[in-house]
Structure formats: structure tokens, C-alpha cells
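Working through the structure, step by step
Each chain, letter by letter, is given below.
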Amino acid sequence: MGRYGENIRKRKDGRWEGRYKTFDEHKGKWVYCSVYGHAYKEVKEKLTKAKIGIPYQALKKQVQNMDNSQKNDGKTSITVLFSQAAMEWLGEIADKRKYSTYVKYNTVYQNHLAAVIGSCQISAAEAPKLKETVTAYLSEGTLSESLQKSIFCIANQVLDFANKNYGIGIPLLERLPVKPKKKMVGTLSKSEQARLLSGSYQRMDKFKLAVVLCLYTGLRLGELCALQWKDLDFEGMTLNVERTVQRVAVQGCQTKTILLETDPKSESSKRVIPVTAEILKLLLPFKGTQTYVFGGRKPFDPRTMQYRFQRMLKEEGIDSRNFHILRHTFATNCIESGMDVKALSEILGHSDVKITLNRYVHPTMGLKRKQLGMLTDFYGQICGQAA
């Protein structure tokens with residue numbers, strides 16, 4: 001019997017089989033393929049790789065076909081193209097990093113570097129040309145600051161890989177300093193929060209419960225959608241963040257994406273969050289035999305959660321916002337309530353309190369007014385002492 005939503009089953013011969021759909025260019029249609037293993041976990045890993053389309057075999061074949069003289073005691077005098085080094089580097093990323101990381105890096109390379117400098121030689125003599133070509137491409141002004149940063153970062157990682165593996169000695173690319181534009185996320189106002197919470201408590205369902213839970217814990221959207229009932233300790237009154245879910249592109253198809261469940265964003269993102277008795281009381285009626293709190297037998301789709309959130313905002317007469325604003329609102333409310341910044345940073349899963357303060361805390365006008373109001377007593381004490 002196949003596991004729901006996974007297409008994984010145990011065969012009569014004792015092996016596990018996983019099936020997935022892929023587009024056959026020769027036949028011009030979608031076909032089913034299978035992967036096999038001796039354990040469920042092994043097949044699930046193979047199935048995930050196959051669905052995402054990580055070209056392990058293609059990468060290995062390309063590396064094997066490269067002349068062995070390219071790696072002669074770390075020194076090389078032959079031509080190494082940027083595309084060759086990039087594909088070999090991407091092969092290492094596919095083997096060592098999270099699948100979503102590989103997909104992100106490969107997408108940036110294919111969309112912005114392959115056609116621009118893929119055919120360029122990697123050598124010290126070609127370094128000025130590489131820098132000039134990349135800089136000219138980015139100076140067109142159509143790409144965001146974040147994407148430009150990613151392009152430079154990936155280009156330099158490829159060059160660094162070539163230096164270490166082929167002993168080329170090419171200097172890394174240098175960007176002109178650009179003052180980053182501050183992206184304002186903001187928070188929901190007190191009146192907007194009141195309307196949203198009031199509407200949620202009056203007509204509670206699992207989507208409104210998700211919004212309330214986020215306002216009380218600051219969970220990321222992916223963490224919320226991947227939350228399982230086993231992550232909740234009703235006796236200890238805690239919530240464990242063990243995983244996240246996101247949509248990633250499938251190679252070879254421009255519009256196809258899959259829902260991928262992975263480890264959290266970083267090591268610091270794996271955390272235990274205290275949960276109030278009120279929240280646990282709201283969760284309890286929805287608890288059943290299914291695995292996921294909001295998704296049932298499989299993780300909930302973040303896109304659907306975003307859509308339902310937009311509909312909730314519209315129902316309450318609130319302007320459209322991204323779901324992530326709930327996390328910022330939570331952080332700001334915690335600071336205004338007097339929470340210790342270090343404690344808040346750990347609850348949010350940040351590696352540094354600076355991230356918490358610089359990105360997630362947005363002092364309201366009311367808080368600023370309150371803080372400035374304290375100066376009245378302060379100056380009064382000074383005048384009293386002077387007298």
C-alpha cells in the first residue's frame with residue numbers, strides 16, 4: 001500500500017519502491033519512473049532527489065570526461081571554462097547541501113551566469129574580462145540588490161572552487177559598494193491586530209488558528225505549515241521546531257514546482273518555544289490522528305496559507321499584507337511588552353540578536369511617545385537635585 005501523497009510502497013520482494021512523474025523529451029509526454037531501496041527512508045531520499053531533478057549522473061559524467069591533465073598536482077596550464085567549473089561545483093553543492101540550496105544556486109547560475117560568462121576561460125589573464133562582463137550585466141539596473149549579491153557570491157564560489165581544484169590563482173570578483181535599500185516590512189497596527197484576532201476567535205477554523213499561533217510564537221510560514229502534532233508537548237507546554245516546508249522548482253520545466261520538506265533554515269532555527277495554556281486550549285479541539293497540524297497527512301502548502309490569510313484580511317477590512325508580517329508583529333509586541341531581547345532572538349530562531357533588533361523590531365509611535373514621556377520624570381529629578 002503506497003503512503004498517501006508520496007507514491008512509496010513496500011514490494012512483495014521486501015524492497016521499497018517510489019514512483020514519480022518526469023517529462024520524457026523523446027516521447028513528448030509525462031511518464032512514470034521508479035526508484036528502489038531496502039528501506040523507506042532510503043527510497044524517500046532518492047525520490048526527493050529525482051523529483052527535484054538534481055542531475056547527479058550528468059554532473060559525474062561531465063567531470064569524468066574532463067581530461068585528467070586538468071588536475072596535475074593542483075597546477076594547470078590547460079583551458080578551464082567557467083561553465084565546467086560551475087557544473088562541477090554545483091555537483092558538490094548537490095551532494096553536500098540541502099536540496100533547496102542547490103536549486104537556488106543552480107537557478108541563479110542558469111538564469112544569470114551561464115549565458116553571460118559560461119564560455120569564458122578561467123585564468124588570471126581573463127580576470128579583468130570576467131569582472132567587466134559581470135559588472136556590465138548587473139549595471140543594467142533590472143535586478144534587485146539581493147539578486148545581484150547572490151550572482152556575485154555564486155560567481156566567486158565557482159572561481160574559488162577552480163582555484164582550489166586547478167591551482168589557477170584567479171582573483172575573486174569585487175563589487176562596488178552599494179548602499180542597500182532598506183526593505184520595510186512593518187507590523188499590523190493595534191487596531192488591525194484587534195480586528196484580526198476578534199474575527200479569528202469568533203469563527204475559529206484551522207487557518208485562523210494558524211494566524212493566532214503565529215502571533216503568539218513568531219513561527220515562519222514554512223515552519224508553521226510543516227508543524228506536526230508530535231512537535232507539541234501539551235504537558236510541558238512547548239512547541240518544537242524541527243522542520244520547514246517550501247516550494248522549489250523542478251529542473252527541465254519552467255512552471256513545475258514541488259512541495260519540499262527539509263530541516264529548518266539554520267541550526268539556530270531548531271528550537272523549543274514555550275506555548276501558553278490559551279493556545280494549547282485552542283489547538284486541542286483540532287487534534288486528530290493525522291500527522292500534520294494544518295496539513296493532515298502531508299505538510300500544508302504555504303501558497304494556500306498565504307491565500308487564506310489574504311482572504312482573512314479582506315474579511316476584516318485590512319489592507320493586503322504578506323503572511324510574514326505576523327512574525328514582525330509578534331517580535332515588536334514582545335519588545336513593547338518588555339521581553340528580553342536575547343530570549344526573543346532565541347524564540348525567533350535567530351543566530352544573532354542584531355538580526356532581531358535590526359530586522360524584526362519596529363517601534364510604534366505609541367512606544368516612542370511612552371519612552372519620551374519618561375523624560376518628564378527624569379528632568380524633574382534633575383531639577384529637584386539642582387534645587
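Computed from a prediction, not measured in an experiment: that's the story for all the values here.

1. A word on the overall build of the protein
When helices and strands are tallied, the protein shows 15 helices and eight strands. Put simply, the protein has 387 residues, and 40% of those count as buried. For the protein, the share of sequence-separated contacts (at least 6 apart) that also reach a separation of at least 24 residues comes to 60%. Put simply, the protein shows about 22700 Å² of open surface, and 52% of that area lies on carbon and sulfur atoms.

2. As for the pattern of salt bridges
Applying the stated criterion across every chain, the model contains 15 salt bridges. Glu223 is the salt-bridge partner of Arg271, the closest N and O atoms lying 2.8 Å from each other. Of this pair, Arg271 sits in strand β8 (residues 271–274) while Glu223 sits in helix α9 (residues 221–225), and the two are 48 residues apart along the sequence. Both residues of the pair, Arg271 and Glu223, belong to the buried class. Linked through salt bridges whose partners overlap, the residues forming this network are Arg9, Arg11, Asp13, Arg15 and Glu17.

3. Concerning unusual backbone geometry
Unlike most non-glycine residues, Met237 shows phi in positive territory, near 55°. Position of Met237 relative to the elements: it lies in the loop between β4 (232–233) and β5 (238–241).

4. Points about the pairing of β8
Because side chains alternate across β8, one face comprises the buried residues Arg271 and Ile273, and the other comprises Val272 and Pro274, none of which is buried. Where β5 lies against β8, four bridges are found, and the strand directions are antiparallel. Looking at the pairing, Val241 lines up with Arg271 of β8.

5. Topic: the sheet that holds β4
Spatially, three strands are ordered β4-β5-β8 in an open sheet, and the strand pairing comes out antiparallel. Every interior strand has two partners, whereas the edge strands, β4 and β8, have only one.

6. Describing the packing of aromatic side chains
Counted by the stated rule, this structure contains five aromatic pairs. Each ring, one from Trp16 and one from Tyr40, has its centre 5.6 Å from the other, and the planes form 65°; the classification is edge-to-face. In this pair, Trp16 sits in strand β2 (residues 16–24) while Tyr40 sits in helix α1 (residues 40–52), placing the two residues 24 residues apart along the sequence. In this structure, Trp16 and Tyr40 share a single accessibility class: buried. Sitting over the face of the ring of Tyr36, Arg15 holds its NZ or CZ atom 4.8 Å from the ring centroid. In this arrangement the basic side chain of Arg308 is found over the ring face of Phe207, its NZ or CZ atom lying 3.8 Å from the centre.

7. Side note on the nonpolar core
Judged by nonpolar contacts, the single largest core of 46 residues is most densely connected at Leu196, Phe294, Met305, Phe323 and Leu326. Elements with a minimum of two residues in this core: α8 (206–217), α9, β5, α10 (277–283), α11 (302–315), α12 (325–336) and α13 (341–348). No other element matches α8, which puts eight residues into this core. Filtering out sequence-adjacent residues up to four positions away, Leu196 remains in contact with Leu188, Val211, Phe309, Met312, Leu313, Glu316, Ile318 and Leu326. One finds Phe82, Met87, Val108 and Ile122 within the second-largest nonpolar core, a separate group that totals 39 residues.

8. Re the packing of helix α3 (residues 82–96) against helix α6 (residues 145–166)
Between α3 and α6, the least distance of the axes is 9 Å, while the angle of their chain directions is 95°. The pairing of α3 with α6 is recorded here as roughly perpendicular in orientation. Along its contact with α3, which presents Phe82, Ala85, Ala86, Glu88, Trp89 and Glu92, the element α6 presents Ile154, Ala155, Gln157, Val158, Leu159, Phe161, Ala162 and Tyr166. Grouping the amino acids of the contact of α3 with α6 by side-chain chemistry returns eleven nonpolar, one polar and two charged.

9. Examining the pairing of β5
Each regular strand carries side chains that alternate between the two faces of the sheet. As defined by bridge partners, β4 adjoins β5 across two bridges and the pair is classed as antiparallel. Looking at β5, one finds that Asp233 is bridged to Thr238. Remark: four residues form the turn of the hairpin made by β4 and β5, two consecutive strands paired antiparallel; Met237 in that turn has positive phi of roughly 55°.

10. Observations regarding the side chain of His112
One can find His112 in helix α4 (residues 99–117). A distance of 2.7 Å separates polar atoms of two side chains, one belonging to His112 and the other to Tyr137. Once residues lying within four places of it in the same chain are set aside, the contact partners of His112 are Tyr137, Leu143, Leu147 and Ile151.

11. Some remarks on a positive patch on the surface
The grouping of Lys104, Lys149, Lys265 and Arg359 at the surface amounts to a positive patch. Mapping Lys265 onto the fold places it in the loop between β7 (257–262) and β8.

12. Points about helix α5 (residues 127–138)
In a regular helix each residue adds 1.5 Å, so twelve residues correspond to 16 Å; α5 covers 17 Å between its end C-alpha atoms and thus fits that length. Regarding α5, the residues found buried are Ala127, Leu130, Val134 and Leu138. Looking straight down α5, one finds its buried side chains confined to an arc of 65°; they lie on one side. Of the exposed residues in α5, the ones pointing more than 90 degrees away from its buried face are Pro128 and Glu132. Check the buried side of α5 and you find it contacts α4 and α6.

13. Remarks on the confidence of the model for the protein
Detail in the predicted coordinates should be disregarded across regions flagged by low pLDDT. Per-residue pLDDT for the protein averages 81, and the proportion of residues at 70 or more is 83%. With pLDDT under 50 throughout, residues 55–63 is counted as low confidence; its partners more than four residues away or in other chains account for twelve contacts. Across residues 67–77, where pLDDT falls below 50, the model places 16 contacts with residues more than four positions away in sequence or in other chains.

The rules behind the values
- Residues numbered from 1 in each chain as written.
- Predicted model: local features only at pLDDT ≥ 70, side-chain atom pairs only at ≥ 80, totals over all residues.
- Heavy atoms only, no water.
- Helix = DSSP H or I, 4+ residues; strand = E, 2+ residues; numbered from the N terminus.
- Buried < 20%, exposed > 50% of the residue type's maximum accessible area, 1.4 Å probe, protein only.
- Contact = heavy atoms within 4.5 Å.
- Areas by Shrake-Rupley, 256 points an atom, 1.4 Å probe, with all protein chains shown as cover.
- Salt bridge = Lys/Arg side-chain N within 4 Å of Asp/Glu carboxyl O.
- Pairing = 2+ DSSP bridges.
- Phe/Tyr/Trp six-rings, centres within 6.5 Å; stacked < 30°, edge-to-face > 60°.
- Lys NZ or Arg CZ within 6 Å of the ring centre and 35° of its normal.
- Core = buried A, V, L, I, M, F, W, Y, C linked by side-chain atoms within 4.5 Å.
- Axes fitted to C-alpha atoms, helices over the stretch in contact; angles between N-to-C directions.
- Parallel < 35°, antiparallel > 145°, perpendicular 65-115°, else oblique.
- Nonpolar A, V, L, I, M, F, W, Y, C, P; charged D, E, K, R; others polar.
- Polar contact = N/O pair within 3.5 Å; in protein donor to acceptor, adjacent residues only side chain to side chain.
- Patch = residues over 30% accessible without salt bridge, like charges linked within 9 Å, V, L, I, M, F, W, Y side chains within 5 Å.
- Lys, Arg positive; Asp, Glu negative; His and termini not counted.
- Charge placed at Lys NZ, Arg CZ, Asp CG, Glu CD.
- Expected span 1.5 Å × (residues − 1).
- Arc of directions from axis to C-beta.
- pLDDT = per-residue confidence, 0-100.

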